[in-house]
Amino acid sequence: MANWADISLWAHSGAAALTLLVAAWLVQRWARLRDARPSLGDAALLIALLSTSLWAFAVAALGPLDPIAGLAESLRNLAWLAFLFQMVRSARAQPGTVTAVYLVLTLVLAAQPVVENWLTLLATHQGLESLTLGSAMLLRMIFVVGALVLANNLYSVADAETRTSLRVPLAALAAMWLYDLNLYTMGYLNGVLSADMLALRGVLMIFAVPFFALAANRPGGWKLTLSRKIAYRSLSLFAILGYLVTMIAVAQLLRAVGGTVASGAQMLLVLGMSLAALILLPSDRFRAWFKVKATKHFFQHRYDYRAEWIRFTETIGRPGDGTAPFHERVIKAAADISDSPAGLLLAPGDNGRLQLQARFNWPTADVPAQACTAATIGYFQATGRIVELDALRSGHDRDTDRRAIPDWAIEETNAWAIVPLVHFDRLAGLVVLARPLVERRLDWEDLDLLRLVGRQLASYLAEARSQEALREADQFDEFNRRMAFVMHDIKNLVSQLSLVARNAERHADNPEFRKDMIATLQNSVGKMNTLIRRLTGYARSAGEGVRAIDAERVVRAVIASKQAAHPVVASAAQRLMLMADPAQLEQVLGHLIQNAIDASPKDTPVYVSMARDGLNGVIEIVDHGAGMSAEFVRSKLFKPFISSKTDGFGIGAYEARLLVEAMHGRIEVESREGEGSRFSIHLPLATRIDSDDPAAMPVPVAEKVA
């Protein structure tokens, strides 16, 4: 025992002297650097060195178990804790949650001398003495574990440059506190501190002092840059540490009470906290809440802009066949900013009105065909304002023009915010974001980043539309080239027939010539029929001009031409006079009714009806066939050279819409896969009737044409 006491005396004395020498050298170094003022980090390091020297001197003079030595150890730990805290405070992002951890450990240090002095006051009460000793060891272990976690956190969140300078002092502190953890753990389990381990602490400090000297020789100030990704992991480690400490402390309290009831309560506590951990940790909502709180209290700025921009570019520009469609990636890129789980993209259609372009994880949103009001595009195009729908519903948002927000967006309770995508003062679309898992108000940082992302997404949408237009132009060029080949074939046929006609004048009486002429004519007719079949789908009537016509007569004519192939039912209706070109309307109806016939089963009729809708007349063609997907209707139905038929050219629906628009009308489509489709032709009503036009004479509608 005497040998260990001597080792403790000389080791702690040497550690006190060496640490004091390093502190004096640091002060002398400051005196030489007259132009450079010492930083707060250097001052914290000096105080920590002086307190370490004071502790080592107290242990050498009074012994390791003396209350003064225990108080000096608490002061030493407090000084090094302040040094770590100053390192975190030097970061650009001011901590909030971590500050609370430092405060808790400071309170633990303040409680240590109070608990340890109870040993003297309660020495006559043997049971309480054992409890007090265990509590004192437990407080020491709690502090050491917390300090080690903080040191690890400080090193983890630092950037690569700062880690190099922090590695030396943090390694010395980790060695000092790891030794203390083993010392107090053995003391807690055995009920008494080991004399040999107490003595060897001085030896360890002698080896640690040179590392502190290297840290003191660091040029410049102490600066720290935090890494968000590792900071979140460190906060998770803090949460786990707090969970374990709480469980141990409450379990020990129940153990001190004793008894059968306390033992059962201790078991229930362990089971309850374990069950709570199993429920909370896998929860998406809990993780989202934890991230929001950590960002709010740990960093000055909500977003790591570098990481957000990398994620944005990765989402919107990811190549490959396995990725989501482009318009869905547009929604996801905006939704990721606010941790929104779903969203909708509204984009201007060919008629200039906003319509649903794509969905992202939001199949239940009920969006009408006309997804905006008359004021929507103009308002968002002029203001570029991001609308928070909850504030609009509650009446707190008095700046937004309520007329610009469609009713369905207000009624959809899961709709959270509307982000306009504005490109060169033109609205390229709107992104409607769903409510995030953890609800919060949008602040200035959210609005700035969403506005910036919206502009970037608008440029991508504009570029995509330009590429689509170029692609259509290329397809028309290819079509024109094919037409040139067809015209070449027609020219050859005309030349061949012209030659036959010229020779017929001279050789008409020759039987061999007549035989060859018949074969040539038959061959030419076959070729011409083939060309006609190829061209029929593309031929567009020159038209007779827009005038007042009886739509009923045109409908009957088209139905009559289709009656041999498929049953068609026409409902009775009032007389409907429209402003239209009869030839072009007949061509449109022919396309749409034929498409309905092709999509319907053999014995399932196609229904045609007529009605008034305000200043327009409506002709509807309804089938109960295969139907079309919403994606096909939005992006492919009215595009040239795209067809759902294996032998189709994809021109019919495209041409029908162009013809109707040329007559100042429009075509609307409703379709569901497996249920059928409804095509509605809207044309202006006629203001007068031209009695000289036979197409304008009223004729009763046939109840059924089959």
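This one's a predicted model, so the numbers in the text were calculated from it and none came from an experiment.

The number of helices and strands found in the chain is 21 helices and 12 strands. In the chain, which comprises 706 residues, the share counted as buried stands at 42%. Contacts in the chain between residues far apart in sequence, at least 24 positions, make up 72% of those at least 6 positions apart. Working note: accessible area of the chain is about 37,400 Å², and carbon and sulfur atoms make up 60% of it.

Below, the discussion takes up the nonpolar core. Counting residues in each nonpolar core, the largest one holds 57 residues, and the members touching the most others are Trp80, Leu84, Phe143, Leu173, Trp177 and Phe212. Mapped onto this core, the elements with two or more residues apiece are α1 (2–32), α2 (40–62), α3 (67–89), α4 (97–121), α5 (126–157), α6 (160–190) and α7 (195–216). Broken down by element, this core gets its largest block of residues, 13 residues, from α5. Those residues in contact with tryptophan 80 that sit more than four places away from it in its chain are Leu45, Ala48, Leu49, Thr52, Leu173, Met176, Trp177 and Phe212. Formed by 38 residues, the second largest nonpolar core is a distinct cluster that contains Ile549, Val554, Phe638 and Ala656.

Quick look at empty space enclosed by the protein now. One pass over the structure, following the stated rule, counts two cavities of 30 Å³ or more. Size it by volume and the second largest cavity reaches roughly 30 Å³. Lining the second largest cavity are Leu346, Leu354, Ala371, Cys372, Thr376, Pro406, Trp408, Ala409, Ile418, Leu430 and Val432. Breaking the lining of the second largest cavity down by element, the ones donating at least two residues are α15 (407–411) and β5 (426–434). Tallied by class, residues from the lining of the second largest cavity come to 10 nonpolar, one polar and no charged.

For the rest of this paragraph, the subject is unusual backbone geometry. For aspartate 339, which is not glycine, the phi dihedral falls at a positive 55°. Looking at where aspartate 339 falls in the secondary structure, it is placed in the loop between α12 (326–337) and β1 (343–348). For aspartate 339, a relative accessible area of 40% translates into the label partly exposed. Although it is not a glycine, aspartate 425 adopts a positive phi angle of roughly 65°. Looking at where aspartate 425 falls in the secondary structure, it is placed in the loop between β4 (415–423) and β5. Using a relative accessible area of 64% as the deciding quantity, one classes aspartate 425 as exposed.

Tracing the backbone through its elements, the reader meets aspartate 581 in the loop between β8 (577–580) and α19 (582–599). Judged by its relative accessible area of 3%, aspartate 581 is buried. Measuring from C-alpha to C-alpha, the distance between aspartate 581 and glycine 545 comes to 5.2 Å, with 36 residues separating the pair along the chain.

We now examine the pattern of salt bridges. As enumerated under the stated definition, the model contains 15 salt bridges in all. One salt bridge connects aspartate 180 with arginine 76, and the closest N-O pair in it is separated by 2.9 Å. One end of the pair, aspartate 180, is in helix α6; the other, arginine 76, is in helix α3, and 104 residues separate them in sequence. The same class applies to aspartate 180 and to arginine 76, which are both buried. Here arginine 385 ties to aspartate 397 by a salt bridge, and the two come within 3.3 Å at their closest N and O atoms.

Bringing the sheet that holds strand β2 (residues 354–360) into the picture now. Taken in spatial order, the five strands make up an open sheet running β2-β1-β5-β4-β3, and their pairing is antiparallel. In the strand order of this sheet, the two ends are held by β2 and β3 (387–388), each with one partner. Alignment of β1 against β2, held across six bridges, turns out to be antiparallel. Counted as the bridge partner of alanine 347 is glutamine 355 from β2. Along the sheet, α12 contacts β1, β2, β4 and β5; its crossing angle with β2, the most-contacted strand, is approximately 75°. Each of β2, β3, β4 and β5 is contacted by helix α13 (residues 376–383), which is oriented at about 95° to β5, the strand it contacts most.

All right, on to a nonpolar patch on the surface then. A contiguous nonpolar surface patch, about 330 Å² in accessible area, is contributed by Leu54, Leu71, Leu75 and Leu78. For the nonpolar patch, the element with the highest residue contribution is α3, accounting for three residues. Mapping leucine 54 onto the fold places it in helix α2. Using a relative accessible area of 48% as the deciding quantity, one classes leucine 54 as partly exposed.

For the rest of this paragraph, the subject is the sheet that holds strand β10 (residues 616–623). Here we have five strands laid out as an open sheet, ordered β7-β9-β10-β12-β11, and mixed in their pairing. The open sheet has two edge strands, β7 (568–570) and β11 (666–672), and neither has a second partner. Neighbour-to-neighbour, the strand axes of this sheet turn through a mean angle of 20°, independent of strand direction. Contacting β7, β9 (606–613) and β10, helix α18 (residues 551–562) crosses the sheet at an angle of about 170° to β9. The sheet contacts of α19 involve β9, β10, β11 and β12 (676–684), and relative to β10 the element is tilted by about 25°.

A separate point is the packing of α18 against α19. The angle between the axes and the distance between the axes are what describe a pair of packed helices. At their nearest, the axes of α18 and α19 sit 9 Å apart, and the two run at 45° to each other. Comparing their axes, α19 and α18 come out oblique. In terms of crossing hand, the pair formed by α18 and α19 is right-handed. Of the residues in α19, those touching α18 at Val554, Val555, Val558 and Lys562 are Pro582, Leu585, Glu586, Leu589, Gly590, Ile593, Gln594 and Ile597. Across the contact of α18 with α19, the residue classes break down as eight nonpolar, two polar and two charged.

For the rest of this paragraph, the subject is the environment of alanine 630. For alanine 630, the location among the structural elements is in helix α20 (residues 630–635). Classification of alanine 630 by relative accessible area gives partly exposed; the value is 47%. Residues alanine 630 and arginine 672, 42 residues apart in the sequence, show an inter-C-alpha distance of 7.4 Å.

For α19, with 18 residues, the first-to-last C-alpha span of 26 Å sits near the 26 Å given by 1.5 Å per residue. Within α19, 13 of the 18 residues are buried, which leaves it mostly tucked inside the rest of the structure. Between a side-chain oxygen at the N-terminus of α19 and the backbone nitrogen of alanine 583 the separation is 3.0 Å; the capping residue is aspartate 581.

On the basis of relative accessibility, which here comes to 1%, the residue aspartate 180 falls in the buried class. Among all residues touching aspartate 180, those that are not within four sequence positions of it are Glu73, Arg76, Val144 and Arg201.

Moving on to the packing of aromatic side chains. The full count for this structure, using the stated rule, is six aromatic pairs. Here tryptophan 309 and phenylalanine 312 contribute two aromatic rings whose centre-to-centre distance is 4.9 Å and whose plane-to-plane angle is 25°, an arrangement assigned as stacked. Here tryptophan 309 pairs with phenylalanine 312, and both are found in helix α11 (residues 305–316), just three residues apart, close to one helical turn. Exposure remark for tryptophan 309: the relative accessible area of 33% places this residue in the partly exposed category. Both rings, one in tyrosine 379 and one in phenylalanine 380, keep their centres 5.3 Å apart while their planes meet at 80°; by these two values the pair is edge-to-face. Per residue, the accessibility class of tyrosine 379 equals that of phenylalanine 380, and both read buried. Grouping aromatic residues by their ring pairs yields a cluster made of Trp309, Phe312 and Tyr460.

What counts, and at which threshold
- Residues numbered from 1 in each chain as written.
- Predicted model: local features only at pLDDT ≥ 70, side-chain atom pairs only at ≥ 80, totals over all residues.
- Heavy atoms only, no water.
- Helix = DSSP H or I, 4+ residues; strand = E, 2+ residues; numbered from the N terminus.
- Buried < 20%, exposed > 50% of the residue type's maximum accessible area, 1.4 Å probe, protein only.
- Contact = heavy atoms within 4.5 Å.
- Areas by Shrake-Rupley, 256 points an atom, 1.4 Å probe, with all protein chains shown as cover.
- Core = buried A, V, L, I, M, F, W, Y, C linked by side-chain atoms within 4.5 Å.
- 1 Å grid on protein atoms, 1.4 Å probe; cavity = no way out; pocket = protein on both sides within 12 Å on 5 of 7 lines; lining within 4 Å.
- Points joined across faces, edges and corners; volume = space filled by probe spheres on them.
- Nonpolar A, V, L, I, M, F, W, Y, C, P; charged D, E, K, R; others polar.
- Salt bridge = Lys/Arg side-chain N within 4 Å of Asp/Glu carboxyl O.
- Pairing = 2+ DSSP bridges.
- Axes fitted to C-alpha atoms, helices over the stretch in contact; angles between N-to-C directions.
- Patch = residues over 30% accessible without salt bridge, like charges linked within 9 Å, V, L, I, M, F, W, Y side chains within 5 Å.
- Parallel < 35°, antiparallel > 145°, perpendicular 65-115°, else oblique.
- Left-handed = near helix turned anticlockwise from the far one by under 90°.
- Expected span 1.5 Å × (residues − 1).
- Polar contact = N/O pair within 3.5 Å; in protein donor to acceptor, adjacent residues only side chain to side chain.
- Phe/Tyr/Trp six-rings, centres within 6.5 Å; stacked < 30°, edge-to-face > 60°.

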